[in-house]
Amino acid sequence: MSSLVSTSHLQLAAFALGTVGWILCTVSMGIVEWRVWHVDNTTIISSGIAWVGIWKVCFISYLHVSPGYREQFCHKFSSYDSFIPHEIYAAQGLLLIAMFMGLLGLAATIFALRNVYMGITHKTLIAPFFLVGGFFYIFAGLCVLIPVSWNFYSVTHNQSIAFPPSYYMPSSPAAQEAGAAIPAGIVAVILLLLSGMFSLSYRFPMTTNTIMKS
């Protein structure tokens, strides 16, 4: 058992990093601050700032609100909205896939680590699960990388979105910057890819006391 445990330290680190990476992936998918738009017309968008996420847009407005109070208005995207750019659609699908793949990677790693620390020395119950978990982590990381980098590109090039009038949003901002979801996604990518590499680096110890079954 000691030889098994001593060879799985990196995989334990992979589980820890993968867990944090998966949480950050889920957080970035849920928060609205993907793009922060700065607008000149503050008639409706009172703060001059609107947040464009992958599921909805939100802004603070004092319109029709009692003095001294404010209200956050949000408008959810519909699957029938043709104005939504491709990078937002891609983020919706790929982040859902990443969340599911990351969860499978964590499950495979937990099963393998359980067998290691319980002293189960069957190779087929340890090594393949670290390998599968590593592939799931890497696939999840790539699924996060694509929408994060694509949306960051759109932000840096100040690309516009042709919102319909019902959204009370201008078609283009005066300026825009990356919101909190993008750096959270970047960190998630790094952690998930590291987890994948650590998991794939596992080598089953070859000792006389080890029971190997193919």
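Residues numbered from 1 in each chain as written. Predicted model: local features only at pLDDT ≥ 70, side-chain atom pairs only at ≥ 80, totals over all residues. Heavy atoms only, no water.

Trainee: Give a detailed account of the state of the cysteines, specifying residues and quantitative values.
Mentor: One way to say it: the disulfide is the covalent bond shared by the sulfur atoms of two cysteines. The tally for this structure, following the rule as stated, stands at one disulfide. Covalent S-S linkage joins Cys 58 and Cys 74, the inter-sulfur distance amounting to 2.0 Å. Between Cys 58 and Cys 74, the S-S dihedral sits near 110°, and the bridge is therefore right-handed. Linking Cys 58 in strand S3 (residues 56-61) with Cys 74 in strand S4 (residues 71-76), this pair joins segments that are 16 residues apart in sequence. Sulfur of Cys 25: no disulfide; nearest cysteine sulfur belongs to Cys 143 and is 8.8 Å away. (Disulfide = S-S within 2.5 Å. Helix = DSSP H or I, 4+ residues; strand = E, 2+ residues; numbered from the N terminus.)

Trainee: Outline the side chain of Asn 151, supporting the account with residue identities and numerical values.
Mentor: Along the chain, Asn 151 turns up in helix H4 (residues 127-156). Setting aside residues no more than four positions away along its own chain, Asn 151 makes contact with Trp 34, Arg 35, Glu 87, Ile 88, Ala 91 and Ile 182. (Contact = heavy atoms within 4.5 Å.)

Trainee: Can you tell me about the environment of Tyr 168, naming the residues and giving the values?
Mentor: Summarising the element assignment, Tyr 168 is placed in the loop between H4 and strand S5 (175-178). Excluding anything up to four places from it in sequence, Tyr 168 contacts Ile 44, Ile 45 and Phe 59.

Trainee: Lay out the environment of Met 29 with the relevant residues and their values.
Mentor: Mapping Met 29 onto the fold places it in helix H2 (residues 9-30). A C-alpha to C-alpha distance of 9.5 Å links Met 29 and Val 144, two positions 115 residues apart in sequence. Filtering out sequence-adjacent residues up to four positions away, Met 29 remains in contact with Ile 54, Trp 55, Leu 95, Leu 96 and Met 99.

Trainee: Go over a nonpolar patch on the surface, please, and point to the residues and values.
Mentor: On the surface, Ile 146, Trp 150 and Tyr 153 cluster together into a nonpolar patch covering about 300 Å² of accessible area. Assessed through its relative accessible area of 35%, Trp 150 is described here as partly exposed. (Patch = residues over 30% accessible without salt bridge, like charges linked within 9 Å, V, L, I, M, F, W, Y side chains within 5 Å. Areas by Shrake-Rupley, 256 points an atom, 1.4 Å probe, with all protein chains shown as cover. Salt bridge = Lys/Arg side-chain N within 4 Å of Asp/Glu carboxyl O. Buried < 20%, exposed > 50% of the residue type's maximum accessible area, 1.4 Å probe, protein only.)

Trainee: Before we move on, could you go through the packing of helix H3 (residues 86-117) against H4 and cite the residues and values that matter?
Mentor: How two helices sit against one another is set out by the angle between their axes and by the gap between those axes. As a packed pair, H3 and H4 sit with axes 7 Å apart at the nearest point and diverge in direction by 155°. Classified by the interaxial angle, the pair formed by H3 and H4 is roughly antiparallel. The crossing of H3 and H4 is left-handed. Its residues assigned to classes, the contact of H3 with H4 comprises 26 nonpolar, seven polar and one charged. (Axes fitted to C-alpha atoms, helices over the stretch in contact; angles between N-to-C directions. Parallel < 35°, antiparallel > 145°, perpendicular 65-115°, else oblique. Left-handed = near helix turned anticlockwise from the far one by under 90°. Nonpolar A, V, L, I, M, F, W, Y, C, P; charged D, E, K, R; others polar.)

Trainee: Which residues make up the packing of H2 against helix H5 (residues 181-200), and what are the values?
Mentor: Their axes nearest at 8 Å, the elements H2 and H5 cross at an angle of 155°. Here H5 runs roughly antiparallel to H2, going by the angle between their axes. Between H2 and H5 the crossing geometry is left-handed. Every residue of H5 that contacts H2 at Leu 10, Gln 11, Ala 13, Ala 14, Leu 17, Gly 18, Val 20, Gly 21, Trp 22, Leu 24, Cys 25 and Ser 28 is listed here: Ala 181, Ala 184, Gly 185, Val 187, Ala 188, Leu 191, Leu 192, Leu 194, Ser 195, Phe 198 and Ser 199. Looking at the contact of H2 with H5 residue by residue, the classes come out as 16 nonpolar, seven polar and no charged.

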